[in-house]
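# Tertiary structure, described
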Number of protein chains: 2
Amino acid sequence: MSGGFSTRTAKPSDRDLIFALIRELAAYERLLDEVDATANDIERDLFGPSPRVFCDIAEAGGKPAGFALWFYNYSTFRGRHGIYLEDLFVRPEFRGQGIGKALLVNLAKRAVAENCSRVEWSVLDWNEPSIAFYKSLGAKPMDEWTIFRLSDAALRNLAARE
Amino acid sequence: MSGGFSTRTAKPSDRDLIFALIRELAAYERLLDEVDATANDIERDLFGPSPRVFCDIAEAGGKPAGFALWFYNYSTFRGRHGIYLEDLFVRPEFRGQGIGKALLVNLAKRAVAENCSRVEWSVLDWNEPSIAFYKSLGAKPMDEWTIFRLSDAALRNLAARE
């Protein structure tokens, strides 16, 4: 990677760092009250046997600067896996250096190398700086689709039906 | 399951059925020209070693009536996996019997049994019958989020950057 930074695959000793970054991202998105994960949850799911979720760390000058956390999704129309970027975050003091772009380039390289059809992620509609950045990279907003979510009591209620 | 139908986990011999259902769904969504998957792709990804994508089949009177195709996603805020329903489809001649709901109930039961935090899926904004159905089950539209997609030439271009 160019600049004074690099990206690398996360390792088990990054557990507390990843958990801290998740909370910093949630605070930025004004969603910190929705975080009830623990550092143990992150360790189990990212570094247990046969993980289904993965993480890359960006470092600048040897210091942790940001992260990308992702999993494989699937397109039945393409008959190929894709990569879904669940979290992308660069700490405020490291922004403007291209670190977010480097994390995305890194994921795009992986997608192409693994014959994935696409990289996707979701953006809050008020986050205009991020939307402009993503569009500048060639990403297209899937404006005609809405995500529906069933969780908590509604999920338990549906699961309890015959 | 109630009614004259049942759901079951797909097996390798369902390969051609699943492929046919994917094409029927694409035609319904007016997206058939976006399908370039083959039946071999579906077989490899659903029934190869360590699959990352899964399928349930609904049958009515012994005939294949519909399917749900899904994978595991992840919430860093919850520190738990979720289920993402990529495709849900009931053949027109089998609609109105509760088969779509049965496929969703089946997934909700799995989510609860596996301590998943949620079940999510995406809906085309013009598909008002589906939207009304999903809301009746307690699902919430995530209106404030937009999915961004990087694919094809834009993906390759980004992957080619330093």
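In what follows, the accompanying structure is described. (Residues numbered from 1 in each chain as written. Chains lettered and ligands numbered in written order. Predicted model: local features only at pLDDT ≥ 70, side-chain atom pairs only at ≥ 80, totals over all residues. Heavy atoms only, no water.)

What follows is about the environment of B:Y72. In this fold, B:Y72 is placed in strand β3 (residues 63-75). With 16 residues separating them in the primary sequence, B:Y72 and B:L88 have C-alpha atoms 15 Å apart. In contact with B:Y72, not counting residues within four places along its chain, are A:R52, A:F71, A:Y72, B:F54, B:H81, B:G82, B:I83, B:R110, B:E114 and B:C116. Within the local environment of B:Y72, its side chain forms a polar contact with the side chain of B:E114, the two groups lying 2.6 Å apart. (Helix = DSSP H or I, 4+ residues; strand = E, 2+ residues; numbered from the N terminus. Contact = heavy atoms within 4.5 Å. Polar contact = N/O pair within 3.5 Å; in protein donor to acceptor, adjacent residues only side chain to side chain.)

Residue and element names in this part refer to chain A. The buried count for strand β2 (residues 54-60) comes to six of seven residues, which makes it a mostly enclosed element. Across five bridges, strand β1 (residues 5-9) lies against β2 in antiparallel orientation. Considered in β2, the bridge of F5 is made with A60. Relative to strand β3 (residues 63-75), β2 is paired through seven bridges, and the arrangement is antiparallel. Note on β3: the bridge partner recorded for F54 is W70. Turn length for the β2-β3 hairpin, with the two strands adjacent in sequence and antiparallel, is two residues, and the turn residue G61 shows positive phi of about 60°. (Buried < 20%, exposed > 50% of the residue type's maximum accessible area, 1.4 Å probe, protein only. Pairing = 2+ DSSP bridges.)

Before going further, it helps to examine empty space enclosed by the protein. Applying the stated criterion across every chain, the model contains one cavity of 30 Å³ or more. Forming the boundary of the largest cavity are A:R52, A:Y72, B:R52, B:F71 and B:Y72. Across the lining of the largest cavity, the residue classes break down as three nonpolar, no polar and two charged. (1 Å grid on protein atoms, 1.4 Å probe; cavity = no way out; pocket = protein on both sides within 12 Å on 5 of 7 lines; lining within 4 Å. Points joined across faces, edges and corners; volume = space filled by probe spheres on them. Nonpolar A, V, L, I, M, F, W, Y, C, P; charged D, E, K, R; others polar.)

This part is about the sheet that holds strand β4 (residues 80-90) of chain A. Within the open sheet, the seven strands sit side by side as β1(A)-β2(A)-β3(A)-β4(A)-β5(A)-β7(B)-β6(A). Their pairing is mixed. Each end of this open sheet is capped by a strand with a single partner; those strands are β1 and β6 (140-141) of chain A. Sheet analysis places strand β5 (residues 118-124) of chain A next to strand β7 (residues 145-151) of chain B, joined by seven bridges and oriented antiparallel. The residue bridging A:R118 from the neighbouring strand is B:S151, located in β7(B). Against the sheet, helix α3 (residues 99-113) of chain A makes contact with β1, β2, β3, β4 and β5 of chain A, and its axis sits at roughly 165° relative to β4(A), the strand it touches most. The strands that helix α4 (residues 128-136) of chain A touches are β4, β5 and β6 of chain A together with β7 of chain B; relative to β5(A), the one it contacts most, it runs at about 160°. (Axes fitted to C-alpha atoms, helices over the stretch in contact; angles between N-to-C directions.)

Counted according to the given criterion, the structure contains 25 salt bridges over all chains. Note that A:D45 and A:R44 form a salt bridge whose closest N and O atoms lie 3.0 Å from each other. In this structure, B:R118 engages B:E120 in a salt bridge whose closest nitrogen and oxygen atoms are separated by 3.4 Å. Members of the salt-bridge network, linked through shared partners, are A:R8, A:K11, A:D14 and A:E59. (Salt bridge = Lys/Arg side-chain N within 4 Å of Asp/Glu carboxyl O.)

Before going further, it helps to examine unusual backbone geometry. Residue A:N115 is not a glycine yet carries a positive backbone phi of 60°. One can find A:N115 in the loop between α3 and β5. With a relative accessible area of 47%, A:N115 lands in the partly exposed category. Phi at B:S50 takes a positive value of approximately 50°, unusual for a residue other than glycine. Relative to the helices and strands, B:S50 resides in the loop between α2 (39-47) and β2 (54-60). The exposed category is assigned to B:S50, whose relative accessible area is 69%.

Now for the layout of surface pockets. Reported here for the second largest pocket is a volume of approximately 230 Å³. Around the second largest pocket, the lining comprises 14 residues; the ones closest to its centre are A:H81, A:E114, B:R44, B:D45 and B:R52. For the lining of the second largest pocket, the secondary-structure elements that each account for two or more residues are β4 of chain A together with α2 of chain B. Residues that form the lining of the second largest pocket fall into these classes: four nonpolar, five polar and five charged.

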